[in-house]
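# Remarks on the overall topology
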Amino acid sequence: MFRKIALACLGTISLGLAQTAASAEPLRIGFITTLSTPAGYIGEDQRDAFKLAIDQEGGKLGGVPVEMVLEDDGLKPATGKQSAEKMLQEGIQLFTGINFSNVLMAAAPTILKKDAFYVSLNAGPSVFAGKRCDKNYFVASFENTSLHAAAGQAANEQGIKNIVLLAPNYQAGRDALEGFKRLYKGKVMAEIYTKLDQSDFSVELARVRDLAPDAIYQFHPGGAGINFAKQYANSGLSKKVPMFLPVFSMDLRMIQATGNAAEGVYSTALWSPLLDVPESKQFVEDFKKAYGRVPTHYAALAYDTALLIASALKAVDGDLNRADEFRAALQKADFKSVRGNFAFDTNHHPIQDYYLTKIERDADGNLMPKVLSKVLSSQRDAFAAECSL
């Protein structure tokens, strides 16, 4: 009898230890991003910034042990979707990381149909901001047209009366030009659509020269943006026709690759490493200490996304089964953003500030985006009224 009691006690203790071990397992976050292709540096910066937030908490977010589960989408929508499906089968219920709108549009519906959560740290296609908004879909970065709308306002303030618009012919490119036109009050002389993987822009530049606008606004991320800026400078157009662009078309890594051709370019942004916000200054210092380089805006938005997720995980003690509470905590956005002002609109897209910067040399001779002005303050999302949330 005593032996049976002892064995029963041991069994109970073993079960308790097993349950404790299970409860101590980290919450897995699916991080699908672009780590290969010429755009791989974007995913690297996002991964490193997100990891920085985790490391600063000793492997936790909001006091909850977490694990990043990384997958490279290779900038292919089908690969991104397959990665999401694989992670869902493994029981992952919280996702982030996707850079490009075409990949997000393939993967996000798969995630949301399974009642999992997606928190975007970059891509924000307009089609998911209005009628197709979703209770479990949050965008911690921007809605695709918003930064371009700020660029339209910046062009107004700089006295640009006639402009030519250029962008690749895909969702984010079309969103870019529609966004710019929303607030721009001058004349759009032409809308020129390029190929997503285009590297030679001689035909487009010849057309710009013929049109002779007051300025151009162009959106070409990654390698295409570097090629465009270099060819624009080499053509001599940059001396006559100022270039306006969003930060995606001339981030810090692109500035380094572009060199002198980047000097004097106007850029609209949500953030700059020179932004006078205490949390931003600390983030830049911490990132440089951890990785030996200045963070791009991609890193800043990824860091904010990690802090947002941390605030929501803390509210539910890491229990995503408390979905309503987790959702409400995300909506509350109870964290200190490196961007300064930040809140969520009713469609789970940001209410935030937008800046005009100009790429100039600092005291050390390095090209950096100097903040010229705040173009829009606490700007609401343009599609919020269409969302039924």
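Everything that follows concerns the structure shown earlier in this document.
Residues numbered from 1 in each chain as written. Predicted model: local features only at pLDDT ≥ 70, side-chain atom pairs only at ≥ 80, totals over all residues. Heavy atoms only, no water.

### Section: the overall build of the protein chain
Looking only at helices and strands, the protein chain features 12 helices and 14 strands. In terms of overall dimensions, the protein chain is globule-like: its C-alpha atoms have a radius of gyration of 23 Å, near the 21 Å expected for 389 residues. The dimensions of the protein chain, computed from C-alpha atoms along their principal axes, are 100 × 45 × 35 Å. Of all 389 residues assigned to the protein chain, the portion counted as buried reaches 55%. Pairs at least 24 residues apart make up 68% of the contacts formed inside the protein chain by residues separated by at least 6 positions. For the protein chain, the exposed surface amounts to about 16,600 Å²; the carbon and sulfur share of it is 50%. Each charge class in the protein chain was averaged separately, 42 positive and 43 negative side chains, and the resulting centres sit 2 Å apart. (Helix = DSSP H or I, 4+ residues; strand = E, 2+ residues; numbered from the N terminus. Rg over C-alpha atoms; globule rule 2.2 N^0.38 Å. Buried < 20%, exposed > 50% of the residue type's maximum accessible area, 1.4 Å probe, protein only. Contact = heavy atoms within 4.5 Å. Areas by Shrake-Rupley, 256 points an atom, 1.4 Å probe, with all protein chains shown as cover. Lys, Arg positive; Asp, Glu negative; His and termini not counted. Charge placed at Lys NZ, Arg CZ, Asp CG, Glu CD.)

### Details of the sheet that holds strand E6 (residues 137–139)
One open sheet accounts for six strands, arranged E2-E3-E1-E4-E5-E6; its pairing is mixed. Edge positions in the open sheet fall to strand E2 (60–61) and E6, since each of these has one partner strand only. As judged from the three bridges shared by strand E5 (residues 117–120) and E6, these two strands associate in the parallel manner. Note on E6: the bridge partner recorded for Ser-120 is Val-139. Against the sheet, helix H4 (residues 101–113) engages strand E4 (94–96), E5 and E6, with an angle of about 150 degrees to E5. (Pairing = 2+ DSSP bridges. Axes fitted to C-alpha atoms, helices over the stretch in contact; angles between N-to-C directions.)

### Comments concerning the side chain of Ser-101
Topologically, Ser-101 is positioned in helix H4. Overall, the relative accessible area of 3% leaves Ser-101 in the buried class. Leaving out residues up to four positions away in the same chain, Ser-101 has contacts with Ala-123, Gly-124, Pro-125, Asn-144 and Ala-172.

### A word on the packing of aromatic side chains
As enumerated under the stated definition, the model contains 18 aromatic pairs in all. Considering the side-chain rings of Phe-228 and Tyr-232, the 5.9 Å spacing of their centres and the 15 degrees angle between planes classify their relative orientation as stacked. Taken together, the residues span about one helical turn, with Phe-228 and Tyr-232 both in helix H8 (residues 222–234) at a distance of four residues. Relative accessible area serves as the criterion here: at 0%, Phe-228 is assigned to the buried category. An aromatic cluster is built from Trp-271, Phe-283, Phe-287, Tyr-291 and Tyr-303, whose rings are joined through pairwise contacts. (Phe/Tyr/Trp six-rings, centres within 6.5 Å; stacked < 30°, edge-to-face > 60°.)

### Let's talk about the pairing of strand E7 (residues 162–168)
Most of E7 is tucked away, with six of its seven residues classed as buried. For the segment spanning E7, helix H6 (residues 171–183) and strand E8 (residues 187–194), crossover handedness is right-handed. In terms of strand pairing, E7 meets strand E9 (residues 215–218) through four bridges, oriented parallel. From the neighbouring strand, Leu-166 faces E9, where its bridge partner is Gln-218. (Right-handed = clockwise from strand over helix to strand, strands pointing away.)

### Structural notes on the state of the cysteines
Per the stated rule, a full pass over the model turns up one disulfide. The residue that forms a disulfide with Cys-133 is Cys-387, at a sulfur-sulfur distance of 2.1 Å. Its S-S torsion of about 90 degrees marks the bond between Cys-133 and Cys-387 as right-handed, since a negative value means left-handed. Of the two residues, Cys-133 is situated in the loop between E5 and E6 and Cys-387 in the segment after strand E14 (367–379); the sequence distance between them amounts to 254 residues. (Disulfide = S-S within 2.5 Å.)

### A word on unusual backbone geometry
With the exception of glycine, the majority of residues adopt a negative phi angle, and the majority of peptide bonds are in the trans configuration. A positive phi angle, close to 60 degrees, is found at Asp-115, a residue other than glycine. Structurally, Asp-115 is set in the loop between H4 and E5. Of note, His-348 is a non-glycine position whose phi angle comes to about 65 degrees, a positive value. With respect to the element layout, His-348 can be found in the loop between strand E12 (342–344) and strand E13 (350–361).

### Section: the pairing of E9
The alternating pattern of E9 places Ala-215 and Tyr-217 and Ile-216 and Gln-218 on opposite faces, both of which are buried. Pairing of E9 with strand E10 (residues 243–246) involves two bridges; the strand directions are parallel. Paired with Ile-216 across the two strands is Met-243, which belongs to E10.

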